[in-house]
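Structural characterization, general
Residue-level listing of the chains:
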Amino acid sequence: MRKNIGSCRSAARATGDDSASHCGRTARQAFPLTVMTAAVWMALGVGGLGMAQPAQAQAHTPGAAGQPQAAAQRFSIPAGPLAPALRSLASSANLLLTFTANQTEGKTTRGLDGSYTPEQAFAALLAGSGLQAVRLDNGGFVLRPSSATAPVAASTVPQQSEATLPTVRVTASTEPLPGDLPKPYAGGQVARGGRLGLLGNVDVMDTPFNITNYTSQLIADQQAETVLDVLKNEPSVRQTAPTGTLADASFNIRGFNLSPGAATFDGLHGMAPAVGNFSVEFAERVEVLKGPSALLYGMSPSGAVGGSVNLVPKRAGDIPLTRLTLGVESDALWKAQVDTGRRFGADNEWGLRFNVRYKDGDRFIDGAKNAGDLGALALDYRGERLRMSLDAYRLQEKQHGGGTLNAFLASGLTSMPAAPDARTNMYPGVPQSKETTQAVILGGEYDFSDRWAGYAKLGGQRNEFEGPVNFGVQDIQANGDADVIRDDAPSFSRTRSAEMGLRGRFQTGAVSHALALSASYLNRDSGGGFAFASSPHPTNIYRPTPIADWLVPVPAADLPKTSETTLGGFALADTLGFMNDRMLLTLGMRRQNVKATNFDDTTGAVTSAYDASAWTPMAGLVVKTTDDLSLYANYIQGLSQGTTVGSGFQNAGEVFPPYKTKQIEVGAKLQTGGFTNTLSLFQIEQPSTLTDDSTTPLPTLRLNGEQHNRGIEWTVFGELARGLRMLGGVTYLQGKLTKTQDGLEDGNEAAGTPPWMANLGLDWDLPGVPGLAVSGRVTYTSAQYVDSANSFKLPSWTRLDLGARYATRLAGKPVVFRAGVDNVFDKNYWQGVFYNGSVTLGAPRIFRLSASIDL
């Protein structure tokens with residue numbers, strides 16, 4: 001097969017064609033029989049794979065009688081040269097298309113944006129070119145002059161001598177190369193599959209987990225700026241951090257907290273944008289896995305329990321891109337972003353993608369100012385065997401003048417005070433908070449053969465935070481009287497992360513194997529300090545009073561190192577395929593080591609140390625009863641750093657092993673046309689510590705506590721009908737406490753675990769108005785307890801978000817106008833339980849307007 005690829009590349013270069021990389025890439029992706037057949041027909045001078053059986057392969061014009069009509073799907077292809085636009089269409093639609101270099105030379109297309117059947121999409125792209133796409137009986141297409149409207153037999157395709165053989169461009173594939181992203185699913189909002197850590201990219205129907213992989217199309221259409229904006233589509237995810245601040249951007253997945261430190265960037269821990277900089281503006285995909293993931297990704301620095309998030313960086317596409325986006329957000333936060341990408345080289349093997357964004361203006365909080373900038377560069381190389389990438393980014397966020405409420409309630413309250421107006425500035429006059437994150441990540445993959453590939457990644461990141469971060473309002477009374485906490489919380493972290501591995505496929509009798517081996521390493525130095533004002537500032541959450549005596553911020557660069565954490569591990573997994581891969585059994589094991597050292601911030605002396613290891617297994621099963629129905633089950637664990645017992649306990653200095661969170665899950669996935677349903681039943685058990693007062697003279701800290709989260713989750717995505725996309729689902733969750741201190745809270749509901757969560761989003765292309773689409777999303781969260789004693793609850797809440805967009809052309813350039821309104825009815829509500837028992841407000845009504853033009 002390598003020889004065939006080389007011959008195809010040589011033929012391409014001989015004709016001066018710039019798309020030889022596609023010839024090589026798609027040849028390697030096709031089944032061996034298809035490649036062999038193509039090679040034979042190319043040698044005979046026939047122009048395409050679609051003519052493997054010339055005596056019987058009868059072509060038809062689009063829409064001819066007897067031809068099955070394919071479902072419409074969404075395409076977004078900018079104007080430009082015709083050949084790369086056709087390649088993009090065929091690749092997105094997973095179709096075989098054959099055409100010659102001479103047919104498309106010097107021709108351009110006006111592009112397209114909207115939902116089309118393949119025939120409609122080809123017709124739109126080829127308008128005015130003098131060409132048409134003719135469907136073959138095998139489902140493929142071939143380009144013919146538009147005057148040739150009669151059916152054409154494959155055997156009548158003109159023959160040419162080997163000396164004048166033009167380049168044959170075959171732009172569809174049966175399965176992607178390692179490192180290629182799974183194709184978008186019907187509707188374009190999610191992808192057909194995504195990364196599963198060391199297992200690599202896996203199709204949704206072949207995955208023994210509940211996963212959703214959001215695309216750049218959804219990010220753009222919903223005007224998402226952060227990961228939290230994207231996760232508003234998830235029925236098992238709820239934001240818990242204060243909205244509109246640089247405080248920790250935490251959220252819950254299946255009732256367990258997840259912070260940005262637990263996310264991965266291109267599969268690598270410690271490299272994702274941190275805290276308030278949790279940006280997706282340079283991300284191609286946001287991949288969400290529900291449930292623990294220690295085997296798949298290794299242990300995260302902050303411990304992932306209920307799920308994990310992976311950001312996939314943007315890469316340059318085959319079609320040149322220069323996109324300018326201008327936007328504004330309530331009240332007057334202006335934004336501008338330029339996204340540009342190009343590929344270079346004889347085979348388009350070199351790629352460059354660059355994103356730059358700047359914003360400045362007023363946030364929705366009265367008197368609060370926000371500014372920020374982003375610069376992200378992505379270089380990549382894709383050869384026949386070697387693929388490499390280099391990602392570098394710098395993000396900075398600034399905020400001053402005010403912030404939203406982070407509320408600590410007074411003891412003795414029996415009900416929640418009414419939620420104040422979310423626009424209310426709780427901290428007037430607060431000094432600037434600034435966060436800067438910089439990172440560089442180098443990665444590479446090499447195919448040792450068609451079945452074995454190795455990969456390696458290495459990255460470094462630095463994060464600095466200056467200013468107040470945990471400012472909040474404490475001792476809130478029923479009438480709203482409270483005290484403001486004023487603090488200064490500078491911090492820094494330096495992270496180095498690496499992973500290397502090997503993936504391969506082989507056969508033992510009737511059983512197929514997909515083997516994966518991985519070794520990972522992460523080292524993080526960090527420092528931080530908290531300074532609090534000597535006395536609280538009296539206020540009222542409904543009528544805040546001005547604050548003049550804020551602390552002077554300390555630069556993060558002046559901080560000493562106070563801790564160091566090193567995570568190392570190796571993992572092995574094998575996916576065994578039975579009955580022609582109708583049944584897939586994945587078995588794996590990871591050995592994880594954790595070292596942590598704490599230092600005195602004055603002398604630098606070691607104050608405590610930690611060194612522990614753990615084995616974490618995983619088993620997953622997929623049974624594909626039909627092509628459209630998969631049954632699955634999994635057992636997997638999550639890891640969190642164990643506690644070093646402090647002073648005041650009988651066992652002071654004892655180091656607990658890493659906490660093992662265990663999940664059992666069963667489910668089913670059903671495809672009906674371009675629509676997928678996933679139904680999951682899961683149980684997650686998380687250990688915790690408790691105090692044993694029976695020992696003398698001091699109590700003993702023991703690892704005996706536990707929380708059980710059981711739930712049922714139904715998720716949906718895809719196209720319900722042509723031009724009507726649906727995304728969301730419903731989660732029922734029971735978070736129960738067991739083995740609590742002296743059994744006093746056994747059976748209580750865990751704080752911050754609402755029993756019901758539902759998200760339903762629709763996106764509809766309005767018939768009769770090409771380019772116009774409207775969208776809406778309803779989000780519901782039931783009442784949830786604020787504390788483990790179950791003293792009182794946050795009320796339930798429902799929010800409606802609406803949006804619209806219009807794709808058109810101005811001066812021959814594709815333009816998309818977008819508008820969105822979150823919290824349409826401007827409802828004030830308590831959104832969830834943050835850390836240390838605090839509760840936070842949801843955002844008020846927010847307007848977003850933007851316009852994107854492809855230059």
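Please refer to the structure placed before this passage.
Residues numbered from 1 in each chain as written. Predicted model: local features only at pLDDT ≥ 70, side-chain atom pairs only at ≥ 80, totals over all residues. Heavy atoms only, no water.

For the rest of this paragraph, the subject is the environment of A220. Note on placement: A220 falls in helix α7 (residues 216-221). Relative accessible area serves as the criterion here: at 33%, A220 is assigned to the partly exposed category. (Helix = DSSP H or I, 4+ residues; strand = E, 2+ residues; numbered from the N terminus. Buried < 20%, exposed > 50% of the residue type's maximum accessible area, 1.4 Å probe, protein only.)

Another point: helix α6 (residues 118-125). Inspection of α6 places P118, E119, A121, F122 and L125 among the buried residues, and these make up the whole buried set. For α6, the buried positions fall inside an angular range of 165° around the axis, keeping them on one side. (Arc of directions from axis to C-beta.)

Let us look at the side chain of H708. With respect to the secondary-structure elements, H708 resides in strand β41 (residues 700-721). Within the local environment of H708, its side chain forms a polar contact with the side chain of R710, the two groups lying 3.5 Å apart. Dropping the residues within four chain positions of it, H708 is found in contact with I684, E685, Q734, G735, K736 and T738. (Polar contact = N/O pair within 3.5 Å; in protein donor to acceptor, adjacent residues only side chain to side chain. Contact = heavy atoms within 4.5 Å.)

This part takes up helix α4 (residues 82-93). An ideal rise of 1.5 Å per residue puts 16 Å on twelve residues; α4 measures up with 17 Å between its terminal C-alpha atoms. For α4, a buried count of nine out of twelve residues is recorded, marking the element as mostly surrounded by other parts of the structure. Of the positions making up α4, those classed as buried are L82, A83, P84, A85, L86, R87, L89, A90 and A93. (Expected span 1.5 Å × (residues − 1).)

Once that is clear, we can look at unusual backbone geometry. The omega angle of the peptide bond from S330 to D331 is -5°, so this bond is cis rather than trans. Mapped onto the elements, D331 comes out in the loop between β20 (321-329) and β21 (332-344). That bond from T696 to P697 is cis: its omega, 0°, falls within 30 degrees of zero.

Our next topic: the sheet that holds strand β25 (residues 406-409). Across the sheet, six strands lie side by side as β34-β29-β28-β25-β50-β49; this open sheet has mixed pairing. The sheet is open, and its two borders are formed by β34 (537-540) and β49 (830-833), each paired with just one other strand. This sheet shows a mean twist of 35° between the axes of neighbouring strands, independent of strand direction. Of the pairings in the sheet, the one linking strand β28 (residues 473-476) to strand β29 (residues 481-484) comprises two bridges and is antiparallel in character. Its bridge partner being in β29, V473 is matched across the sheet by V484. (Pairing = 2+ DSSP bridges. Axes fitted to C-alpha atoms, helices over the stretch in contact; angles between N-to-C directions.)

What follows is about the pattern of salt bridges. A full pass over the atoms with the stated rule returns 49 salt bridges. Ionic pairing is found between D339 and K314, a salt bridge with its closest N-O pair at 3.0 Å. Residue D339 is located in strand β21, and its partner K314 is located in the loop between β19 (307-313) and β20; the two are separated by 25 residues in the primary sequence. Both residues of the pair, D339 and K314, count as buried. Put simply, R486 and D549 hold a salt bridge, and the shortest N to O gap is 2.6 Å. On the criterion of sequence distance, the pair formed by R486 in the loop between β29 and β30 (487-488) and D549 in the loop between β34 and β35 (563-578) is long-range, its members being 63 residues apart. Within this structure, E225, D229, K232, E281, E329, K335, R357, K359, R363, E397, D822 and R848 form a network of salt bridges that share partners. (Salt bridge = Lys/Arg side-chain N within 4 Å of Asp/Glu carboxyl O.)

Here the focus is the packing of aromatic side chains. This model, assessed by the stated rule, comprises eleven aromatic pairs. With a centroid separation of 5.2 Å and 80° between ring planes, the pair formed by Y185 and F717 is classed as edge-to-face. Of this pair, Y185 sits in the loop between β9 (168-170) and β10 (193-195) while F717 sits in strand β41, and the two are 532 residues apart along the sequence. Residues Y185 and F717 agree in their burial class; the two are buried. On the numbers, 5.4 Å between centres and 75° between planes, the contact of Y446 with F448 is edge-to-face. Relative accessible area serves as the criterion here: at 35%, Y446 is assigned to the partly exposed category. Aromatic ring contacts, followed pair by pair, group F265, F282 and Y393 into a single cluster. Above the face of the F682 ring, R254 is positioned so that its terminal group lies 3.9 Å from the ring centre. One Lys or Arg, K669, reaches over the ring of Y632 and ends 4.9 Å from the middle of that ring. (Phe/Tyr/Trp six-rings, centres within 6.5 Å; stacked < 30°, edge-to-face > 60°. Lys NZ or Arg CZ within 6 Å of the ring centre and 35° of its normal.)

Let us now look at the sheet that holds strand β13 (residues 237-239). Spatially, β13-β14-β15 is the arrangement adopted by the three strands of the open sheet, whose pairing is antiparallel. The outermost strands of the open sheet, each flanked by one partner alone, are β13 and β15 (256-258). Along the sheet, successive strands turn relative to each other by an average axial angle of 35°, direction set aside. Alignment of β13 against strand β14 (residues 251-253), held across three bridges, turns out to be antiparallel.

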